[in-house]
Structure formats: structure tokens, C-alpha cells
Amino acid sequence: MLATTILKYWKILLAVGIILAIGALFIPNQILSKIVEMTGFAILALTAYVLGYKMATDEAEKYIKEEFEKLAKRDIRYKVMKDQMIKGLRNVKR
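Residues numbered from 1 in each chain as written. Predicted model: local features only at pLDDT ≥ 70, side-chain atom pairs only at ≥ 80, totals over all residues. Heavy atoms only, no water.

Engineer: Any chance you could explain the overall build of the protein chain here in plain terms?
Structural biologist: On a plain count of helices and strands, the protein chain comes out with 4 helices and 0 strands. Listing each helix as α and each strand as β along the protein chain from the N terminus yields α-α-α-α. Referenced to the eigenvectors of the C-alpha coordinate spread, the extents of the protein chain come out at roughly 70 × 20 × 15 Å. Burial statistics for the protein chain: of 94 residues in total, 20% are counted as buried. Contacts in the protein chain between residues far apart in sequence, at least 24 positions, make up 50% of those at least 6 positions apart. If you sum the accessible surface of the protein chain, you get close to 7,500 Å²; carbon and sulfur atoms cover 68% of it. Here the protein chain holds 16 positive side-chain charges and 9 negative ones, and the gap between their average locations is 4 Å. (Helix = DSSP H or I, 4+ residues; strand = E, 2+ residues; numbered from the N terminus. Buried < 20%, exposed > 50% of the residue type's maximum accessible area, 1.4 Å probe, protein only. Contact = heavy atoms within 4.5 Å. Areas by Shrake-Rupley, 256 points an atom, 1.4 Å probe, with all protein chains shown as cover. Lys, Arg positive; Asp, Glu negative; His and termini not counted. Charge placed at Lys NZ, Arg CZ, Asp CG, Glu CD.)

Engineer: What's the story with the pattern of salt bridges in this structure? I'm lost.
Structural biologist: One side chain can pair with another of opposite charge once the charged atoms of both are near each other. Overall, the coordinates contain 3 salt bridges when judged by the stated rule. Two residues, Lys34 and Glu37, come together in a salt bridge whose shortest N-O distance is 3.8 Å. Within this pair, Lys34 and its partner Glu37 are both found in helix H3 (residues 30-72), separated by 3 residues, close to a single helical turn. Among the salt bridges present, the one from Glu59 reaches Lys62, with a minimum N-O distance of 3.8 Å. With Glu59 and Lys62 both in helix H3 and 3 residues apart, this pair spans about one turn of that helix. Given a relative accessible area of 47%, Glu59 falls into the partly exposed group. Relative accessible area serves as the criterion here: at 43%, Lys62 is assigned to the partly exposed category. (Salt bridge = Lys/Arg side-chain N within 4 Å of Asp/Glu carboxyl O.)

Engineer: I'm lost on H3 in this one. Help?
Structural biologist: Two residues of an α-helix separated by three or four positions point the same way, owing to the 3.6 residues in each turn. Taking 1.5 Å as the rise per residue, H3 with 43 residues should run 63 Å; its terminal C-alpha atoms sit 62 Å apart, in good agreement. Of the residues making up H3, those classed as buried are Ser33, Val36, Glu37, Gly40, Leu44, Thr47, Val50, Thr57, Glu61, Ile64 and Phe68. The residue sitting at the N-terminus of H3 and contributing the capping side-chain oxygen is Asn29; that oxygen lies 3.3 Å from the backbone nitrogen of Ile31. (Expected span 1.5 Å × (residues − 1). Polar contact = N/O pair within 3.5 Å; in protein donor to acceptor, adjacent residues only side chain to side chain.)

Engineer: How should I be thinking about the confidence of the model for the protein chain in this particular structure?
Structural biologist: Keep in mind that low pLDDT regions are not for reading the predicted coordinates in detail. With 96% of its residues at a pLDDT of at least 70, the protein chain reaches an overall mean of 84. Helix H4 (residues 76-93) is the least confidently modelled element of the protein chain, averaging 71 in pLDDT, while helix H2 (residues 10-23) averages 92, the highest of any element. (pLDDT = per-residue confidence, 0-100.)

Engineer: Got a minute to help me understand the environment of Met81 in this structure?
Structural biologist: Here Met81 shows up in helix H4. According to the relative accessible area criterion, Met81 is partly exposed, its value standing at 41%. For the pair Met81 and Phe68, spaced 13 residues apart in the sequence, the C-alpha separation amounts to 7.9 Å.

Engineer: For this particular structure, what's the right way to read a nonpolar patch on the surface?
Structural biologist: Together, Leu14, Ile18, Ile22, Leu25 and Phe26 give the surface a local cluster of nonpolar side chains, amounting to about 530 Å² of exposed area. Along the chain, Ile22 turns up in helix H2. (Patch = residues over 30% accessible without salt bridge, like charges linked within 9 Å, V, L, I, M, F, W, Y side chains within 5 Å.)

Below you can see the structure in the form of C-alpha cells.
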């Protein structure tokens, strides 16, 4: 649920994270500036992690499709297997 929200609003979260991380340099209170800075970097790290995971699963799905389509030309069983693997990969995403 959190990952889908992050994927939906990743551009906004990226901007907020950058603004917090850089904006902390201009806060005169040292303790407050460290809290704001770490919050900004945490938002950036979480957004980068979720986007990286999505890109990796998309690449894996594309690779599986390509490889099984090559094998499916030789044997029909691989076509059924490809559909099952893609279905399983999509269930992991959610």
C-alpha cells in the first residue's frame, strides 16, 4: 500500500525530499536542521528504493517474456509456463 502510494506520487516525494535535504542547510538551529535533513534523505532513500524495485521487476518481467517466447516457438508447454511465471511475478508486486 505504501509502495503504490510512493509510485503514484514519486515526483512530488522526490521534490519534497530534495527541498528538505537542501533546505536544512539554511536553518540556524542545529538540532532542527539535522532532523529536517535526515527526514529529507529518508524520503529520498525510500523513493529511490521503491522506484528501483519497480524497475527491476519490470525488467525481469520483460526478460522472462522474451526468453519464454523463444522457447515457446519450440514447445507449447513453455508458453503456458511463461504465463504462469508472469502471473506469479505480478502477485509479488502487490
